[in-house]
Amino acid sequence: MKVFKGKIWAAIGSLMDHGGTASTTKSSSPAAAVPDRALLADIEAAIERCTGSSGGGGGNDDRHVHEILFLVSNEPGAITFLSRRITARLEAARAPAAALRSLLLVHRLLRAGDRYFEQDFRGLWASRELRVDAPRCSCSPLTAAGGVVHYASAGAAAVASGACAFVHGYSAYLEERMQWVINQSGNLEPARKPPPPDHDAGKLPPPPSSSSSSSTSSHDASAETLLFKLAMCQRLLDLAIQLLPDNNTSASAAARSAFGIVLRESFKVYDAFAEGVDVMLLLSRSLAGLSKPSRVTAHEILKKACAQTPELKEFYHKCKRSNASSKSLEYPLVRVVTPAQAFAMEMEPVTMTPIPEEDGCQEEKVEARAGAEAIDGGGSPFAHKMETTISTVWVEFEDEDQRLITAPTDDDHSLKAVQRS
């Protein structure tokens, strides 16, 4: 116990040395510069109870997680200490089980904390204070005898390989999960993309030309948000499909607990994906439709869904038969996306490609010429359409003198009528 306390104080001392300058600049009072060592020690002890050999997947995990959240809420900078200690444990873990318990703690904290804790936790992940891609566990258990390190039995190596693969797959899932938030209704949604940098900040935005242009831009923005959400859903579902543990790995309580959380989250993600696909198909059939880049992106999403939805359906069937998932879960009904839907999205509606006026005139001329040729057939003496704009017609009479007489025109008749009157 003394050795354990000594390690705690050493870790707290290193944290104080690392953040002493920042704490001093934040406040000049000595009380604010010195963190509460007792509070940090309690957080370290709670982390040990969650990630130690006796923790992970047990019935007391929720109680320990809420204890950590309560301790962190009492100190503004304690969440940074929490993130660094979890990262240090994950980097120091050599056994798959130890690394899995640290990852499971991150996932539980992400789900159990309020939106302020979630925002700070994701911010520390973005700044690399919290790292969930750091498992360095060995894929084969090693034993040492007489100073010589050798591999254990083949069966134990296979179990360790499966557990290590699950740990790395779970780590990749958490990396993607950090880009999602829990909304007010309790469902998962992707975090908003950062706005593009405004290079013309000093310039006034140009006024909209008409109300139709502003409505079109807002329509394109909503379509872009929808397509971004669908692409994020597909990425998270891909990682969840690859995470089904084998029979040996599912014997671990931590693995069953982690996979149960992933499975329940995949249900919500798929529901959001199916709803988004329905909205996208309705947008493509409406009069407003989708812009050309949006239609290309939507076609790629549906093309990927043609292969992903059958895999997801098979994945849920395997989960129902597996020992890693609970039998009381209500699985969603997966609708397989067909290639016909993807092809329909690829084809542009007629309303989106109006024919220019000049091209339309040319097509009318071509159609009229083709129609005249079809009516005339092969026996007509006229090879082309007759011109009606010539006012003088030369008529040839066969008489003795072979004279050429000009036939009077409409203008001549009108002139004689005026003179007669």
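What counts as what
Residues numbered from 1 in each chain as written. Predicted model: local features only at pLDDT ≥ 70, side-chain atom pairs only at ≥ 80, totals over all residues. Heavy atoms only, no water. Helix = DSSP H or I, 4+ residues; strand = E, 2+ residues; numbered from the N terminus. Buried < 20%, exposed > 50% of the residue type's maximum accessible area, 1.4 Å probe, protein only. Contact = heavy atoms within 4.5 Å. pLDDT = per-residue confidence, 0-100. Axes fitted to C-alpha atoms, helices over the stretch in contact; angles between N-to-C directions. Nonpolar A, V, L, I, M, F, W, Y, C, P; charged D, E, K, R; others polar. Parallel < 35°, antiparallel > 145°, perpendicular 65-115°, else oblique. Left-handed = near helix turned anticlockwise from the far one by under 90°. Phe/Tyr/Trp six-rings, centres within 6.5 Å; stacked < 30°, edge-to-face > 60°. Core = buried A, V, L, I, M, F, W, Y, C linked by side-chain atoms within 4.5 Å. Salt bridge = Lys/Arg side-chain N within 4 Å of Asp/Glu carboxyl O. Expected span 1.5 Å × (residues − 1). Arc of directions from axis to C-beta.

1. Focus on the overall build of the protein
No. 1: Across its full length, the protein carries 14 helices and six strands.
No. 2: Going through the 421 residues of the protein one by one, you find that 34% of them count as buried.
No. 3: In the protein, the share of contacts with a sequence separation of at least 24, taken over all contacts with a separation of at least 6, comes to 76%.

2. Looking at the confidence of the model for the protein
No. 1: Considering every residue of the protein, the mean pLDDT works out to 74; 58% of them sit at 70 or more.
No. 2: In this model residues 140-158 is a low-confidence stretch, pLDDT under 50, and it forms 18 contacts with partners more than four residues away in sequence or in other chains.
No. 3: Note on residues 357-361: pLDDT is under 50 here. Beyond four places in sequence and across chains, it has one contact.

3. Topic: the packing of helix 3 (residues 37-51) against helix 6 (residues 96-112)
No. 1: Between helix 3 and helix 6, the least distance of the axes is 9 Å, while the angle of their chain directions is 115°. Where helix 3 approaches helix 6, its residues Ile47, Cys50 and Thr51 are matched on the opposing element by Arg101, Ser102 and Leu105.
No. 2: Residue composition of the contact of helix 3 with helix 6, by class: three nonpolar, two polar and one charged.

4. Quick notes on the environment of Val337
No. 1: Its location among the elements puts Val337 in the loop between helix 11 (292-321) and helix 12 (339-346).
No. 2: Distance from Val337 to Lys303, taken between C-alpha atoms, is 8.5 Å for residues 34 residues apart in sequence.

5. A closer look at the environment of His107
No. 1: For His107, the location among the structural elements is in helix 6.
No. 2: On the accessibility criterion, His107 (0% relative accessible area) is buried.
No. 3: The spatial distance from the C-alpha of His107 to the C-alpha of Leu174 is 7.2 Å, given a sequence separation of 67 residues.
No. 4: Not counting residues up to four positions away in its chain, the partners in contact with His107 are Tyr170, Tyr173, Leu174, Arg177, Ile261, Val262 and Glu265.

6. Focus on the packing of helix 5 (residues 78-92) against helix 7 (residues 115-126)
No. 1: The interhelical angle for the contact between helix 5 and helix 7, taken along N-to-C directions, is 50°, at an axis separation of 10 Å. By the angle class used here, helix 5 and helix 7 are oblique. Handedness of the crossing formed by helix 5 with helix 7: right-handed. Contacts between helix 5 and helix 7 involve Ile79, Thr80, Leu82 and Ser83 on the former and, on the latter, Phe117, Asp120, Phe121 and Leu124.

7. Let's talk about the packing of aromatic side chains
No. 1: What the rule picks out here adds up to seven aromatic pairs.
No. 2: Seen from their ring centres, Phe315 and Tyr316 are 5.6 Å apart, and the 45° between their planes marks the pair as tilted. There is no split in this pair, since Phe315 and Tyr316 are both buried.
No. 3: Through a chain of ring-to-ring contacts, the aromatic side chains of Phe259, Phe267, Phe315, Tyr316 and Tyr331 assemble into a single cluster.

8. Brief notes about the nonpolar core
No. 1: With 85 residues, the main nonpolar core has Ile43, Leu82, Leu109 and Phe121 as its most contacted residues.
No. 2: In terms of residue count, the dominant contributor to this core is helix 10 (residues 253-285) (17 residues).
No. 3: When sequence neighbours within four positions are dropped, the list of residues in contact with Phe121 reads Ile79, Leu82, Ser83, Val106, Leu109, Leu110, Leu130 and Met178.

9. Describing the pattern of salt bridges
No. 1: Applying the stated criterion to the full structure yields 13 salt bridges.
No. 2: Between Asp62 and Arg108 there is a salt bridge, with its nearest N and O atoms 2.7 Å apart. Note that Asp62 is positioned in helix 4 (residues 61-73) and Arg108 in helix 6, a separation of 46 residues in sequence.
No. 3: As a salt-bridge pair, Arg111 and Glu265 come within 2.9 Å of each other at their nearest N and O atoms.

10. Focus on helix 4
No. 1: Taking 1.5 Å per residue as the helical rise, helix 4 with its 13 residues ought to reach 18 Å, and the 18 Å between its terminal C-alpha atoms agrees with that figure.
No. 2: Among all positions in helix 4, only Asp61, His64, Val65, Ile68, Leu69, Leu71 and Val72 are buried. Down the axis of helix 4, the buried set is contained in an arc of 165°. They therefore lie on one face. Exposed side chains of helix 4 directed beyond 90 degrees from the buried face belong to Arg63, Phe70 and Ser73.
No. 3: Buried positions along helix 4 lie against helix 3, helix 5, helix 6 and helix 7.

11. Examining the side chain of Ser266
No. 1: Looking at the element boundaries, Ser266 is found in helix 10.
No. 2: Note on Ser266: relative accessible area 3%, which makes it buried.
No. 3: The contact partners of Ser266, leaving out residues within four places of it in the chain, are Leu237, Ala240 and Tyr316.

12. Considerations on helix 5
No. 1: The terminal C-alpha atoms of helix 5, which comprises 15 residues, lie 21 Å apart, in line with the 21 Å expected from a rise of 1.5 Å per residue.
No. 2: Every buried residue of helix 5 is accounted for by Ala78, Ile79, Phe81, Leu82, Ser83, Ile86, Thr87 and Leu90.

13. A few points about the environment of Leu105
No. 1: Relative to the helices and strands, Leu105 is located in helix 6.
No. 2: Classification of Leu105 by relative accessible area gives buried; the value is 2%.
No. 3: Once the C-alpha coordinates of Leu105 and Ile86 are considered, the two residues, 19 residues apart in sequence, prove to be 8.4 Å apart.
No. 4: Dropping the residues within four chain positions of it, Leu105 is found in contact with Ile47, Cys50, Thr51, Val65, Ile68 and Ile86.

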